[in-house]
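# Per-entry structural report
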Amino acid sequence: MIIVMKPDAPANVVDDLLARIEAKGLKPLHMPGSERVVLGALGDERVLGELELEGHPYVEAVKPILAPYKLVSRELHPHDSIVTIGDVSIGGSRFALIAGPCAVENETQLLASAKAAKAAGARILRGGAFKPRTSPYSFQGHGGEGLTLLADVGRELGMPVVTEVLESGDVDLVATHADALQVGARNMQNFSLLKAVGQVRKPVILKRGMSARIEDLLLAAEYILAEGNDQVVLCERGIRTFETATRNTLDLAAVPLLKAKSHLPVIVDPSHGTGIRALVAPMALAGAAAGADGLMIEVHFDPGAAQCDGAQSLFPHQLEALGKQLGQLLPVVGRTL
Ligand code: PEP
Ligand code: MN
């Protein structure tokens, strides 16, 4: 429920209402605006009637939040949220390019790929240390050592780093090395992991599950916000459909739809979204044109030798060319790289 206070509502009245909402077992939210204060009450709304808000002298309106995802919804929070990863903002007028290899393999590979990412205009470095692989025989990542290497290279190049966390027990470890935690497609509905990343004070990039509906993704994000972490970026990375010509079907309609339904920033991952190197740049541009706040792209200094996802990894010169094209396209949609 959203409770819009009258512009002249005194602070002590607001505090009293918040206390009464809490006493009813609901979660109170305090959202001061430039003209008036808006309060939220989350939980079993049937008890709200007992607060007699309708007749309250300082309450202007009481409105239900219709979406099942309350904190994530634009109904509760009409303005765009900005998520800050290191010193990089995602969600404002400046577009955020996140790039790096699928996996952290070794120092030479990571440093060369990270330099390529930076040269192309990427401001955040990605790289997996814990890799979720379909086959147990595939390279699983270097774990803790990979995290340290990623953090070192990020520091050397002045780029904040994002990396995937696969299980709740690793959240603290990953959070000590990374500037942002990635929850991957395979874990989008791992509710204990969502709660665990909701309890740390590091931003989270939440990737859409391969068979997740938009509402499932938004409810997964709600788990993180409900634990107190509002620094969440949603990532469209393709879904499974009957089409097998591409690795996944990149659902770009999800971008404006997510942005209409939620205040959270939205980025696109055309690498996993297509699985095919030649399709990455065109779909990256399409994602930017669709209104994404950023992109996450895999780049490798020698994709043929990559231990993971080489076929979808751009060569450095391809990322650089994409960076230039983004620079030209973004002003059309009111953004800069
Ligand atoms: C990744 O970003 O390397 C990854 C494994 O992505 P997803 O979870 O989208 O498959
Ligand atoms: Mn990958």
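What counts, and where the lines are drawn
- Residues numbered from 1 in each chain as written.
- Chains lettered and ligands numbered in written order.
- Predicted model: local features only at pLDDT ≥ 70, side-chain atom pairs only at ≥ 80, totals over all residues.
- Heavy atoms only, no water.
- Domains from an automatic or database assignment.
- Pairing = 2+ DSSP bridges.
- Helix = DSSP H or I, 4+ residues; strand = E, 2+ residues; numbered from the N terminus.
- Axes fitted to C-alpha atoms, helices over the stretch in contact; angles between N-to-C directions.
- Contact = heavy atoms within 4.5 Å.
- Near = heavy atom within 4 Å.
- Polar contact = N/O pair within 3.5 Å; in protein donor to acceptor, adjacent residues only side chain to side chain.
- Areas by Shrake-Rupley, 256 points an atom, 1.4 Å probe, with all protein chains shown as cover.
- Nonpolar A, V, L, I, M, F, W, Y, C, P; charged D, E, K, R; others polar.
- Core = buried A, V, L, I, M, F, W, Y, C linked by side-chain atoms within 4.5 Å.
- Buried < 20%, exposed > 50% of the residue type's maximum accessible area, 1.4 Å probe, protein only.

## Some thoughts on the domain arrangement of the protein
The assigned domain composition of the protein is domain 1 (2-63) and domain 2 (83-333). Computed over C-alpha atoms, the centres of domain 1 and domain 2 are 38 Å apart.

## Quick word on the sheet that holds strand E7 (residues 96-100)
Read around the barrel, 8 strands follow the order E7-E8-E9-E10-E11-E12-E13-E14 and close on themselves; strand pairing throughout is parallel. Averaged over neighbouring strand pairs, the angle between their axes works out to 25 degrees when direction is ignored. Pairing between strand E9 (residues 161-164) and strand E10 (residues 180-183): 3 bridges, direction parallel. Its bridge partner lying in E10, Thr 163 is registered against Leu 181. Those strands touched by helix H5 (residues 191-198) are E10 and strand E11 (204-207), and its axis lies near 170 degrees from that of E10.

## What to know about the site of ligand 1
By nearness alone, 13 residues border ligand 1, and Arg 126, Lys 131, Ala 185, Arg 186 and Arg 237 come closest of all. Within the contact set of ligand 1, an oxygen atom lies 2.6 Å away from a side-chain nitrogen or oxygen of Arg 237. Within the side chain of His 272, a nitrogen or oxygen atom sits 3.3 Å from an oxygen atom of ligand 1. Considered on its own, ligand 1 offers 300 Å² of accessible surface; in the complex 98% of this is hidden by protein. Taken together, the residues that form the shell around ligand 1 break down as 3 nonpolar, 3 polar and 7 charged.

## Considerations on the sheet that holds strand E3 (residues 37-42)
Spatially, the 4 strands line up as an open sheet ordered E2-E3-E1-E4, and their pairing is antiparallel. Both edges of this open sheet fall to strand E2 (27-32) and strand E4 (59-63), since each of them pairs with a single strand only. Each strand axis lies, on average, 20 degrees off the axis of its neighbour in the sheet, ignoring direction. Of the pairings in the sheet, the one linking strand E1 (residues 2-5) to E4 comprises 4 bridges and is antiparallel in character. Looking across to E4, one finds that Met 5 is bridged to Val 59. Packing against the sheet, helix H1 (residues 11-23) makes contact with E1, E2, E3 and E4, and its axis sits at approximately 155 degrees to E2.

## Notes on the nonpolar core
Core analysis: the largest hydrophobic core is formed by 79 residues, its most contacted members being Val 197, Leu 206, Leu 234, Ile 297, Leu 319 and Leu 322. Counting residues per element, this core draws most heavily on helix H6 (residues 214-226), which supplies 7 residues. Once you skip the residues sitting within four places of it in the chain, Leu 322 turns out to touch Ala 281, Ala 284, Leu 285, Ile 297 and Leu 314.

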